[in-house]
Amino acid sequence: MFKLGLTGGIATGKSTISDYLISKNIPVLDADKFARLVVEPGTPGLSEVVAYFGDAILQDDHTLNRKALGQIVFSDAQAREKLNAITHPRIQKMMTDQLALLAAQNTPLVVLDIPLLLENHNIAGADAVMLVTIPKQIQLERLMARNQLTLTEAEDRVAAQMPLSEKEKLADYIIDNSGSVADTYKQVDQVIEQILF
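As the structure is a prediction and not an experimental result, all values here were calculated from the model. (Residues numbered from 1 in each chain as written. Predicted model: local features only at pLDDT ≥ 70, side-chain atom pairs only at ≥ 80, totals over all residues. Heavy atoms only, no water.)

Chemist: Before we move on, can you summarise the nonpolar core with the specific residues and values?
Modeler: Leu29, Val49, Phe53, Leu69, Met95 and Leu112 are the most contacted members of the largest nonpolar core, which totals 31 residues. Contributing elements (two or more residues each) for this core: helix H2 (31-37), helix H3 (44-53), helix H4 (66-73), helix H5 (77-104), strand E3 (109-113) and strand E4 (128-133). When residues of this core are assigned to their parent elements, the largest contribution, seven residues, is made by H5. Not counting residues up to four positions away in its chain, the partners in contact with Leu29 are Phe34, Met95, Gln98, Leu99, Leu102, Val110, Val111, Leu112 and Asp113. If you look at the next biggest cluster of nonpolar residues, it comprises 18 residues, including Val111, Val132, Tyr173 and Ile195. (Core = buried A, V, L, I, M, F, W, Y, C linked by side-chain atoms within 4.5 Å. Buried < 20%, exposed > 50% of the residue type's maximum accessible area, 1.4 Å probe, protein only. Helix = DSSP H or I, 4+ residues; strand = E, 2+ residues; numbered from the N terminus. Contact = heavy atoms within 4.5 Å.)

Chemist: Quick one: what's the story with the pattern of salt bridges, residue by residue and with numbers?
Modeler: Two side chains that carry opposite charge are able to pair once their charged atoms sit near each other. This structure, assessed with the given rule, holds five salt bridges. Between Asp189 and Lys24 there is a salt bridge, and its shortest N-O distance comes to 3.5 Å. A residue pair is termed long-range when its members are at least 10 positions apart, and Asp189 in helix H9 (residues 181-196) and Lys24 in the loop between helix H1 (14-23) and strand E2 (28-30) qualify at 165 residues. With a relative accessible area of 38%, Lys24 lands in the partly exposed category. Put simply, Asp97 and Lys93 hold a salt bridge, and the shortest N to O gap is 2.8 Å. Of this pair, Asp97 and Lys93 are both found in helix H5, four residues apart, which corresponds to roughly one turn of the helix. (Salt bridge = Lys/Arg side-chain N within 4 Å of Asp/Glu carboxyl O.)

Chemist: For the sheet that holds strand E5 (residues 173-176), give the residues involved together with the corresponding values.
Modeler: What the five strands build is an open sheet, ordered E2-E3-E1-E4-E5; its pairing is parallel. Sheet topology places E2 and E5 at the edges, where each strand pairs with a single neighbour. With direction set aside, neighbouring strand axes in the sheet form an average angle of 25°. By the bridge criterion, five bridges tie strand E1 (residues 2-8) to E4 in an arrangement that is parallel. When the sheet's bridge partners are listed, Leu4 is paired in E4 with Ala128. (Pairing = 2+ DSSP bridges. Axes fitted to C-alpha atoms, helices over the stretch in contact; angles between N-to-C directions.)

The values reported here are purely geometric and, on their own, carry no functional implication.
Rendered as structure tokens:
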């Protein structure tokens, strides 16, 4: 089973590519989805996050207030490291369990959609890394529109990640997502064909 890591900066278009791969019946293990699952109400993950960050990060229904937590961790590297220390081992276990199931089914290709794949030194053990990239200005515009953020908030979130220029040096395949969706899909198809054939 070939494990293709899919990564990029925030708001570069990984979800568009993930959805496209799923439409082509390629399994995608999404670390962001696992990240939401490990902090659902009643989970040990949420209990540990609340114990460290306090009740202010909870909404009235006791679900995680992602915006409140985001404002803390994107402006404080130590807080971000603590959050990652709580959630990453749980996310990794979910991903490992899913990979074992797919391997047992003789799946030829699985995509690991992991935003921080390169920051975490390819901890998931991807066989190759496909990076989605766009110019910084487009990235900021998309992030502000998508998350209703100010320019400063968007810049903080982009700055909290490894620069795309650094990620490009570590990637095996680079998808330029600044053009049309059709152009992006064409680039993705070429990567998948190279891997499978």
